[in-house]
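Chain by chain, the residues run as shown.
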Amino acid sequence: MIEHICPNPGAPYADCVVVEDKYLYLSGLTSEDLDTGAAIGGDITTQTRIVLENLKTLLERHGSDMDHVIRCEIVLTDFSERPEMNKEYVKHFDPAHMPSRICYGNVVLSGENKIEILATAIKK
């Protein structure tokens, strides 16, 4: 069974796809207020923190947590900001449960977004 979670029916994608009530595939998260959808600017550290806090919130809504993230894909507008992003990124995961990851950069993102993170997780 596949469940597509689309809080905005007009969007051309699902925010989260749940497969077999076990696997969570979250679309790219950017630095935004989850309640209003308003973009939140700031430097790469601030935006990384907000994205990962949002990821934690969404995972908990769907029966998972940061320890159950199995893969992240990170897109940066400026790859030279990777060290600063990594300093914040590691604060949000238990070192014993770090997900697999790919990070690439020098990509154009919408608005003032400096980072976008896609995640795959399993339910607890």
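Just above sits the structure.
Sequence order sets the numbering: in each chain, residues are counted from 1 along the sequence as written. This being a predicted model, a pLDDT of at least 70 is required before a residue's local features are given, and a value of 80 or more before pairs of side-chain atoms are given or counted; all residues contribute to the totals for chains, interfaces and linings. Only heavy atoms go into the side-chain values, all of them from the structure, while hydrogens and water stay out.

## Quick notes on the environment of Asp43
Step number 1: Inspection of the secondary structure puts Asp43 in the loop between strand S3 (23–29) and helix H1 (44–61).
Step number 2: Given the relative accessible area of 43%, Asp43 is considered partly exposed. Helix numbers and strand numbers start at the N terminus; a helix is a DSSP run of H or I with at least 4 residues, a strand a run of E with at least 2. For every residue, the accessible area obtained with a 1.4 Å probe (protein chains only) is divided by the maximum for its type, and the residue is called buried under 20%, exposed over 50%, and partly exposed between those limits.

## Focus: H1
Two residues of an α-helix separated by three or four positions point the same way, owing to the 3.6 residues in each turn.
Step number 1: Expected helix span is taken as 1.5 Å per residue step, with the number of steps being one fewer than the number of residues. Between its first and last C-alpha, H1 extends 26 Å over 18 residues, near the 26 Å set by a 1.5 Å rise per residue.
Step number 2: Residues of H1 that are buried include every one of Ile44, Gln47, Thr48, Ile50, Val51, Leu52, Asn54, Leu55, Leu58 and Leu59, and no others.
Step number 3: Where the residues of H1 are buried, they touch S3, strand S4 (69–76), helix H2 (82–89) and strand S6 (115–122).
Step number 4: Just beyond H1, the residue with positive phi is Gly63, at close to 80°. Throughout, a residue-residue contact means that at least one pair of heavy atoms, one from each residue, lies within 4.5 Å.

## Thoughts on the sheet that holds strand S2 (residues 16–19)
Step number 1: Here, any two strands with at least 2 DSSP bridges between them count as paired. Taking strand neighbours across the sheet as the criterion, the six strands line up as S1-S2-S3-S6-S4-S5 in an open arrangement whose pairing is mixed. Only two strands of the sheet have a single partner each, and these edge strands are strand S1 (2–5) and strand S5 (100–104). Put simply, the sheet's adjacent strands are angled 10° from each other on average, direction ignored.
Step number 2: Note: S4 against S5, five bridges, orientation parallel. Axis geometry follows a simple rule: fit a line to the C-alpha atoms, using only the stretch in contact for helices, then measure angles between N-to-C directions, giving values from 0 to 180 degrees.

## A few points about the packing of H1 against H2
Step number 1: Two numbers describe how H1 lies on H2: the axes approach to 9 Å, and their chain directions differ by 40°. Comparing the axis directions of H1 and H2 gives the class oblique. In the packing of H1 onto H2, the handedness of the crossing is right-handed. Residues Ile44, Thr45, Thr48, Arg49 and Leu52 of H1 form the contact with H2, whose own contacting residues are Glu84, Met85, Glu88 and Tyr89. Roughly parallel means an angle under 35 degrees; roughly antiparallel, over 145; roughly perpendicular, 65 to 115; everything else is oblique. What makes a crossing left-handed is the near helix being turned counterclockwise from the far one by less than a right angle; a clockwise turn instead makes it right-handed.

## A word on the layout of surface pockets
A probe matching the size of a water molecule, rolled over the atoms, marks out where space remains unfilled.
Step number 1: Whether a set of points on the 1 Å grid over the protein atoms alone is a cavity depends on a 1.4 Å probe fitting there but being unable to get out, while an open set qualifies as a pocket with protein on both sides within 12 Å along at least five of seven lines; lining residues are those with an atom within 4 Å of a point. Grid points are joined across faces, edges and corners, and a volume is the space filled by probe spheres set on the points. As a volume, the largest pocket reaches approximately 610 Å³.
Step number 2: Lining the largest pocket are 26 residues, and of these Tyr13, Asp15, Gly28, Leu29 and Glu32 lie nearest its centre.
Step number 3: Counting only elements with at least two residues in the lining of the largest pocket, the list comes to S3 and H1.
Step number 4: Examining the composition of the lining of the largest pocket, we find that four residues originate from one element, S3, more than from any other.

## Some words on the side chain of Asp65
Step number 1: Structurally, Asp65 is set in the loop between H1 and S4.
Step number 2: Within 3.5 Å is the distance limit for a polar contact, defined as a pair of N or O atoms, with the added protein rule that one can donate a hydrogen and the other accept it, and that residues adjacent in sequence qualify only through two side-chain atoms. Here the side chain of Asp65 touches Asp67 through a polar contact of 3.1 Å, landing on its backbone nitrogen.
Step number 3: Within the structure, Asp65 has its side chain in polar contact with the side chain of His68 (distance 2.7 Å).
Step number 4: Here Asp65 is in contact with Leu59 and Lys124, once residues within four sequence places are set aside.

## What about the pattern of salt bridges?
Step number 1: The rule for a salt bridge is simple: a side-chain nitrogen of Lys or Arg has to be within 4 Å of a carboxyl oxygen of Asp or Glu. Under the defined criterion, the tally for this structure stands at six salt bridges.
Step number 2: The partner of Asp21 in a salt bridge is Lys123, and the shortest N-O contact between them spans 2.8 Å. With a gap of 102 residues between them, Asp21 in the loop between S2 and S3 and Lys123 in the segment after S6 connect regions that are remote in the sequence.
Step number 3: In this structure, the salt-bridge partner of Arg49 is Glu53, at a minimum N-O distance of 3.5 Å. Pair noted here: Arg49 and Glu53 are both in helix H1, with a separation of four residues, about one helical turn.

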